[in-house]
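Structural overview
So the chains spell out like this:
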Amino acid sequence: MWIMPLKCILGVISSRWTLFFSLSLSMVGAETVTRPQKPYLWKAGPWDVCVAISCGSTGTETRKVWCVDAEGLNTHASRCPVAERPAPQRMCVRVCEWHSALYEWNISHWGPCIPISSPASITECVTAQYGLQRRQVTCMRRFNGTAVVSPQSCEAFLPPPGNEQACLLPCPQDCVLSTFSHWSACSRSCGPALQHRTRQVLVAPQYGGADCPSLTQTQSCNQGNAPPCPADQQEHGYSLWVGPWSACRVRGVSAGGRTTVDFNMDSSSRSLTTQSNSTVESYLVRRHAETDRHLSLHHHQYHDGTKTFFEIHIGYQTRQVRCTRNDGKNVMLSLCYHDSPVNFRSCVMPRECELSEWSAWSPCSKTCGAADQSPGYRKRKRSLRGMTLGWVQDCPSLEQREPCNVAGEHLPLCPRYHWLVTNWSECQIIPLIGQHDYHLRNSSFLCGGGIQTRDAYCVQTENNSTPSHKLRPVTRDLCSGTLPSLVQSCSITCPSYCKLSSWSEWGCCIHDNCMESQGNKGFRQRSRTVVGQIEGLTENCPHLLESEPCEDPVCFLWKVTSQGPCIPQDGVCGSGLQEQIATCLNITGEEVPTEWCTRDHPAQALPCVVPCPGDCVLSDWSPWTDCPDLCSSKHSEGRQSRTRLVLALPGMGGKMCPPTPDMVQSRPCKTSACVVFYWHVSPWGPCTPDPLLSITNITNGDSHSTCGFGTQLRRVTCVKVNNGPVSPKRCPDAFRPESVQSCLVPCQTDCIFTPFTEWSLCSSKCRTVNVTASSQSRHRIIIQTAANGGRDCPDTLYEERECDAAPICPTYRWQTHRWQKCILVPGSVRQAVGGSTESCGHGLETREVTCVGTDDVPANIGNCLEWAGPMPARVRPCHVTCRDVCTLSSWSRFSACQACGSWRIRTRSLTGRSKKRLKCQQGALYPLLEREPCPCSEFQSQAQGPWSPCVFPELRGQSSQQAGLGAYLQSLEETSRWRARGGVRECGQGLHYRALACLDYQGRLVNPVLCNNTGLEEEDCYVPCPLDCRLSDWSAWSTCSSSCGWGVRLRSQWLKEKAFNGGRPCPKLDLKNQVSEVSPCYSECDQYFWLPEPWSECTISPVQPLDVVEQEPACGEGVQARSKRCVKRGREQEAVNKSLCGQMESPVTTQSCLLPCPAHCVTSQWGQWSACPMSCDDNAYRWRVRNVLRRPQQGHMCSELNQTAPCVLNSTCFTYSYSNSEWSSCRLNDNAVCGRGYRTRLQICIRSDGKAVDLAFCRERSLGGELQAACEVSCPVNCLLSVWSPWSECSHTCGNQSQMLRSRVVVQEPGEGGQPCPLQLSQTKPCPIMPCYYWLLGDWSPCQIEGADCGDGMKQRNLTCVVHWGALQALSNSAAVEEDKCEKEERREREMELQIPCSVPCPGDCHLTEWSPWSSCQLMCLDGRGFGAQGHQARSRAVVPQVPESQSACPSPVYETRPCKGGVCHSYNWKTSGWRNNERNVWCQRSDGVNVTAGGCSPHNRPSTVRQCHPACTKPFSFCTQSGVCGCDKGFTEVMTSHGFLDYCTRSPGSDHKRADVKTSSGQLRNQRMLRDWVLQPVGPDGRVRPWMYGLMAAAFILILLITAMSFLLCKKTKDSASIEVPQKSLSLAYDGDVDM
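Quick caveat, the model's predicted, so the values are computed rather than measured.

When you go through the chain residue by residue, the secondary structure sums to eleven helices and 102 strands. Look at the contacts in the chain between residues 6 or more apart in sequence, and 69% of them connect residues 24 or more apart. Here the chain displays about 101,000 Å² of accessible surface, and carbon together with sulfur accounts for 51% of that area.

Within a sheet, adjacent strands bond to each other through the backbone by hydrogen bonds, running parallel or antiparallel. Strands sit in the order E65-E66-E67 across an open sheet of three strands; the sheet is antiparallel. The outermost strands of the open sheet, each flanked by one partner alone, are strand E65 (1030-1031) and strand E67 (1074-1083). Pairing between strand E66 (residues 1045-1057) and E67: ten bridges, direction antiparallel. Considered in E67, the bridge of Arg1049 is made with Ser1079.

Below, the discussion takes up the state of the cysteines. A full pass over the atoms with the stated rule returns 53 disulfides. Each disulfide pairs two cysteine sulfurs, and for Cys762 the partner residue is Cys803, the sulfurs being separated by 1.8 Å. Taking the torsion about the S-S bond as the criterion, the Cys762 to Cys803 disulfide, at about -85°, is left-handed. Within this pair, whereas Cys762 is found in the loop between strand E51 (752-753) and strand E52 (775-779), its partner Cys803 is found in the loop between strand E54 (798-802) and strand E55 (813-816), the two being separated by 41 residues in sequence.

The next thing to look at is the sheet that holds strand E14 (residues 176-178). In space, the five strands of this open sheet follow the order E16-E14-E98-E97-E96, with antiparallel pairing throughout. Here the strands that pair on one side only, and so sit at the sheet edges, are strand E16 (201-203) and strand E96 (1468-1472). Averaged over all pairs of adjacent strands, the angle between their axes in this sheet comes to 50°, without regard to strand direction. One ladder, built from two bridges, connects strand E97 (residues 1482-1486) with strand E98 (residues 1491-1494); its direction is antiparallel. Its bridge partner lying in E98, Gln1485 is registered against Asn1491.

Further remarks concern the pattern of salt bridges. Evaluated as defined, the whole model comprises 21 salt bridges. The residue Glu551 makes a salt bridge to Lys521 at a minimum N-O spacing of 3.3 Å. Of the two residues, Glu551 sits in strand E35 (residues 545-551) while Lys521 sits in strand E33 (residues 521-527), which places them 30 residues apart along the sequence. Classification of Lys521 as exposed rests on a relative accessible area of 53%.

Here the focus is the side chain of Ser178. Here Ser178 lies in strand E14. Among the residues examined, Ser178 registers a relative accessible area of 10% and is labelled buried. Dropping the residues within four chain positions of it, Ser178 is found in contact with Arg199, Gln200, Leu202, Asn1491, Val1492 and Thr1493.

Turning our eyes to something else, we now look at the nonpolar core. Judged by nonpolar contacts, the single largest core of 13 residues is most densely connected at Ala997, Leu1005, Ile1329, Trp1335, Leu1359 and Cys1361. Apart from residues lying up to four places away in sequence, Ile1329 is in contact with Gln944, Ala995, Leu996, Ala997, Leu1005, Val1006, Pro1008, Gly1295, Asn1296 and Trp1365. Membership of the second largest hydrophobic core comes to nine residues, among which are Val646, Leu649, Cys657 and Met663.

Relative to the elements of secondary structure, Cys566 occurs in the loop between strand E36 (557-563) and strand E37 (567-568). For the pair formed by Cys566 and Val610, sequence separation is 44 residues and the distance between their alpha carbons is 6.9 Å.

With that settled, the discussion passes to the packing of aromatic side chains. This structure, assessed with the given rule, holds two aromatic pairs. Geometrically, the ring pair formed by Phe1517 and Phe1532 is stacked, given 4.4 Å between the ring centres and 15° between the ring planes. In this pair, Phe1517 is assigned in the loop between E98 and strand E99 (1518-1520) and Phe1532 in strand E101 (residues 1532-1536), connecting sequence segments 15 residues apart. A residue is classified by how much of its surface remains accessible, and Phe1532, at 14% relative accessible area, is buried. For Lys1124, the ring lying beneath its charged end belongs to Trp1090, and the centroid distance is 4.5 Å.

Position of Glu61 among the secondary structure elements: in strand E5 (residues 58-62). Given a relative accessible area of 8%, Glu61 falls into the buried group. At a separation of 2.4 Å, a polar atom in the side chain of Glu61 contacts the side chain of Arg90. For Glu61, the residues in contact, after removing those within four places along its chain, are Trp47, Asp48, Val49, Cys50, Pro88, Gln89, Arg90, Met91, Cys92 and Gln152.

As a further point, take the environment of Asn1007. Mapped onto the secondary structure, Asn1007 falls in the loop between strand E63 (1005-1006) and strand E64 (1016-1023). Taking relative accessible area as the criterion, Asn1007 reaches 29% and is therefore assigned partly exposed. The spatial distance from the C-alpha of Asn1007 to the C-alpha of Pro1331 is 6.3 Å, given a sequence separation of 324 residues. What Asn1007 contacts, discounting residues up to four positions off in sequence, is Cys998, Met1330 and Pro1331. Within polar-contact distance, the side chain of Asn1007 engages the backbone nitrogen of Val1009 at 3.0 Å.

Turning our eyes to something else, we now look at the confidence of the model for the chain. Summing up the model confidence of the chain, the mean pLDDT is 77 and the portion of residues at 70 or higher is 81%. Looking over the chain, one finds the lowest element-wise mean pLDDT in helix H2 (residues 15-24), namely 29, and the highest in strand E48 (residues 716-720), namely 93. Across residues 253-308, confidence stays below pLDDT 50; counting only partners more than four residues off in sequence or on other chains, it has 125 contacts. Below a pLDDT of 50 lies the segment residues 1106-1110, which in the model reaches four contacts outside its immediate sequence neighbourhood of four places, other chains included.

Let us look at unusual backbone geometry. In the Ramachandran plot, Tyr207 falls in the positive-phi region, its phi being about 55° despite a non-glycine side chain. Its place among the elements puts Tyr207 in the loop between E16 and strand E17 (216-221). A residue is classified by how much of its surface remains accessible, and Tyr207, at 29% relative accessible area, is partly exposed. Its identity as a non-glycine residue notwithstanding, Asn1210 has a phi of 65°, on the positive side. Tracing the backbone shows Asn1210 in the loop between strand E76 (1202-1206) and strand E77 (1216-1220). Judged by its relative accessible area of 36%, Asn1210 is partly exposed.

Turning our attention to the environment of Glu1093. With respect to the helices and strands, Glu1093 occurs in the loop between strand E68 (1088-1092) and strand E69 (1116-1121). Residue class for Glu1093 comes out partly exposed when judged on its relative accessible area of 30%. Separated by 31 residues in sequence, Glu1093 and Lys1124 have C-alpha atoms that sit 5.8 Å apart. Apart from the residues lying within four places of it in its own chain, the contact partners of Glu1093 are Arg1122, Ser1123 and Arg1125. At a separation of 3.1 Å, a polar atom in the side chain of Glu1093 contacts the side chain of Arg1125.

Parameters and conventions
Residues numbered from 1 in each chain as written. Predicted model: local features only at pLDDT ≥ 70, side-chain atom pairs only at ≥ 80, totals over all residues. Heavy atoms only, no water. Helix = DSSP H or I, 4+ residues; strand = E, 2+ residues; numbered from the N terminus. Contact = heavy atoms within 4.5 Å. Areas by Shrake-Rupley, 256 points an atom, 1.4 Å probe, with all protein chains shown as cover. Pairing = 2+ DSSP bridges. Disulfide = S-S within 2.5 Å. Axes fitted to C-alpha atoms, helices over the stretch in contact; angles between N-to-C directions. Salt bridge = Lys/Arg side-chain N within 4 Å of Asp/Glu carboxyl O. Buried < 20%, exposed > 50% of the residue type's maximum accessible area, 1.4 Å probe, protein only. Core = buried A, V, L, I, M, F, W, Y, C linked by side-chain atoms within 4.5 Å. Phe/Tyr/Trp six-rings, centres within 6.5 Å; stacked < 30°, edge-to-face > 60°. Lys NZ or Arg CZ within 6 Å of the ring centre and 35° of its normal. Polar contact = N/O pair within 3.5 Å; in protein donor to acceptor, adjacent residues only side chain to side chain. pLDDT = per-residue confidence, 0-100.

Right under this line is the structure:
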């Protein structure tokens, strides 16, 4: 229901509503005086201020009065009735200002929204309807709250609030009924009878909807053919009818002692009254007396007002008895043959509960403002002081709850909570190590990828600047946000893989300190570098510099940088001088000042010789050969040599060539001691503060806080190779590494921890005497651990203490007293209702029940109700034997039990005259034997259910207190360190459990204590441990896959053991169950090559000694020879087998040469070609030169001295580029499992013609590429689990379905081949099987009417205490046990359901059916969408008449509704059947397929059930269509008139009436049958002349005209002439099937 102000509604109401609301709603400030149906109305305005002399005196007040028409417009006053004109003036009292404190307006709550009749009822409601709410507005006196007669006292200060407002209601919901049931059988088989059918209410009418029509339809049956009733059958049948019992009442006594009984069932008149006005006396049950005596139970009350028991009043009940005939009429009671019916009985006078006053309201549960705007609640309670008695309602609620602080205004904001996290722990590698990597577990230094953890805790959000570590942790349940990540990957940097280059050549012998040269002792050095260094530590790389002692050291040398040509002294040839320029250089080749070179400066001019023509010409000296490695040579001394060759022989008179020995020079190599030294350094030590350099609070690039500068030290030692440490003087001091360096000192980090949490709550419940005191605990969390000498963390993180002793629970019990004498209905009452005057029969007996406490001190009854359970029965039925009733002896004692499980019996016998009465000998009515099972204490255990999973005990040190903080990362102390699955037992020896049921001898479930066990059976179990996948060690690297060029080499691991039972899985294996690592390799294609020696001198045959000068020396073309060796690249000094070198690439060993003659020009060898540009441009050229060594004699010329050639790509010019191999697999450090590694690749220089050349060609062109790069190997993260939560409470308090549960959660999912998560994240353990006791309600009995045939009775069912196994289906197999096993409070609740009133209709009575089933839950919907919090269900009872005579006395049908949850929206639509004889069925159907007979569908949209047309369809083959227009049957076409009506129906051309049309076919033959039809039937089936008949008549008319004309012409001729007979063609008509013919 929606409520809005009236002015808001009037703004959206259409114009036709304006007048209605203006006439029907009272407006503030205006009053409608006359009736709204009249055309003219008087309107009166508000009263003006009272005009008087002074306040408190009388005066007058006025108001305006005017006349309006029906549209609300002002009109002349004469049009309104003068008699109805409101008074424009009245007397008043001028109020004073202080009067405002005396009066106030009192406003009641708004009443319900009531639909108002309006024009909306004519049209269909779409969304909602308008309603009206009213409230009471009263002027009240403030001091006593009484109402004032006239509201003028309040109106003087404040206008009266409106007492009406408009409201909105859902559209009216009409009653919806189901379809009718089938017709019942006839009410009787002979004579006139009725049969009926009924329907039920599906939706009850709401919000002013249409009421439900009749639920029953009747019709007569057996009419006409009803067989007459047999003669021996009585005309009428008779039944004894009894009415319901009256209310319990006490006897009324008149002055004459006469008592009357009123059988009226009205509650206001159902009482026992006397004929005089004497008072009614109550009878308190204390004793029984036939005479009018006052029986009472004393009302015990103690000095403190505490009631211990309450009075019980015994009264009586009566009921009506009559004899009814089967036609529904009442007849004399004597016609019903029955024993005297019981129409009176004793009863307990009803007494309402006695309750205490309400306590004060508790504080509101909502004490702060939240965003959800949900209200808070407050409670108040009251206690029970007295119990109910008799047939009255249960005691009202003892607790009230109402919302408070709904809007949340003026409340402080609710505290907010958020997650805080501790610092990350140190990076740990061990959790990632597999089972088979034991060598890494014991490693002193692990590196690579690892895991860090942290803990999360919940704190209250503070608005001030409180540091986060000062916030007190609270329970984790208060934080509702997403839990921060508690696990992250980390990495520990591994030392770099030191790939070193080869040693360089030994350098020059230099002084230790070139600036202070002393002595002739020095050092020479060689070095190597780290190739492809990766980020990381390099301290573990070997030394990179070595030195050895030498003699005659030189630090600075003169070097000739340029030499000029040799200039002969005579200007032509012979001796001369050659100028040269020398520069002072250091050992690295850098130019230094000339004064640093201490040795003599080289001469600026050197003597030289220019050969004259005819002189011998020699070549320059070759380079000195290499000295052998003296440290590894077998010789003690080595020499090196150089040679020169004769380029031209001398001529006659020329200078001769030197002898052959002079053509070779040799010298000894410089000796070395072969002792090598290097500096060895240790790792840097810790950074120690330096007070002189202290600068506080410095932050380096890693964002770690530092606190000043300090120094680091390391040890530097001189070491002799392959020997050990020596004196530092043996190593060059100039290259001594630093042993001290400055550093940043890390700040001291103190341990940071939270405050202790609040102490956990102690139980507020009372305790029994033998229960130990509970404990409470608190804890705190370490946020940051201490480092760098900071303050350590406290040892105590968890504290526990005992709670204060709780009060001992009070002890109360019910004390029962002796049952009193049986109280019967008073004799006067029995006599008044026609009963026996003998004091016998059924009655009630009572007893006192009091509440006592410790030492039997009387206590308040409420205490026992709270602590001792339900009150024992205070009233029970009893029986006083009558003289004419069977009398029996008392029961004997039970017989002795023979064995466990046997029965014991007891007996009784008939006494006196009862022995001879047949009625008394019926055992069903008067049993003489009873038996009961013998008590038995034999019990047996029986295993139930499967074994539980294997459970492992808790780890040592894991307390249940810590584990009980939650199911997710429970132990706050444990989560500060890493917990892998290895920290929790997952395999090995454990225990599994199975429940044991304890059964008695009858197989009933009993407490396990009776079987002397705990209810659980334990057994050892074993879970195999998970085994990781196991691979072999890495094999050795294979040889390169290619002997020439690029290739790969492999190393492999093969599978040795598969993963088992959840172990770490294997990596991806190939078909051979192997995993491989690949590394690129390159094999030199010319690894072995031919090394040629220098060419020999050019010789000419025959050979002549050079020293023979008498003859002209030989010259011209000769032969040169040289030797060759097959060597391996890099080891050219050693020759290898010639077969290793390619024979196709073998160099020539002889060649022709030209030995110049003495007069010829002698030149040097050609120099190297100049380099072509790197681009190898087609327009580029290269050149080479040679020098003249000996000028020719006259007549001879020197050949060319310069040569040029174009640069041709891949011939004389080449480009170079790097060729890189594929990257190798990512390789890790030997101490790493995962994380950062490196990968490598190889590189060669490729010439443009595809030949591999030396890398120097590519380096010269600044080409290159990384040969080593960082890479990442994903870490095999194992599944990480929290610790097991503590075992939960048993899921059920009894039965075999009860179990305990503990669980754990996945903290980190496995990844990259890590150990998978186990499937078992929760474990269950059975609980001891406790018996389930339950009050079982039996089935309802048939309606039992005591001593009558029909009327009002009771249905009863039994309430039995049963024991079952806990499952729902176990109730069918339950067994009855003693009633004290079941809860008494539940019995009290169930006893209210043991009896329900019922009725059995008498033959011929008109009665109601049983309640129909509840309808489906249906919501109030709009456009298919429901609104409202709940739906409604309905059920109904229909009327069933049995005979026509009783229909006038039938009751009305009834229905009822109830709210329900989970409703659905239904729609209703009209459904129709097919037409048949212009009629069809129309019904309404709900969207779920249920047909309804009333309501649901709108009657305005109901389809028609009969087709009718105007005018009627009288044409042949026509019918009335659904649209109300005449149409033709199938196979006929409508021909309409100009007015749109059907003219006639013509047959549509079909398969039997095709016409020959050139457009569609080519002259088909007409069907013979069709032709016959046309010839023989000139009239069509529609009653009209066929079209061809018109053609035939036209042809006949023309023929007649032609014959007439011919006759006229023949008769007109005057002379006879031979006439020429003109042959006439017969006229034939042909029909082509065209209807237009």
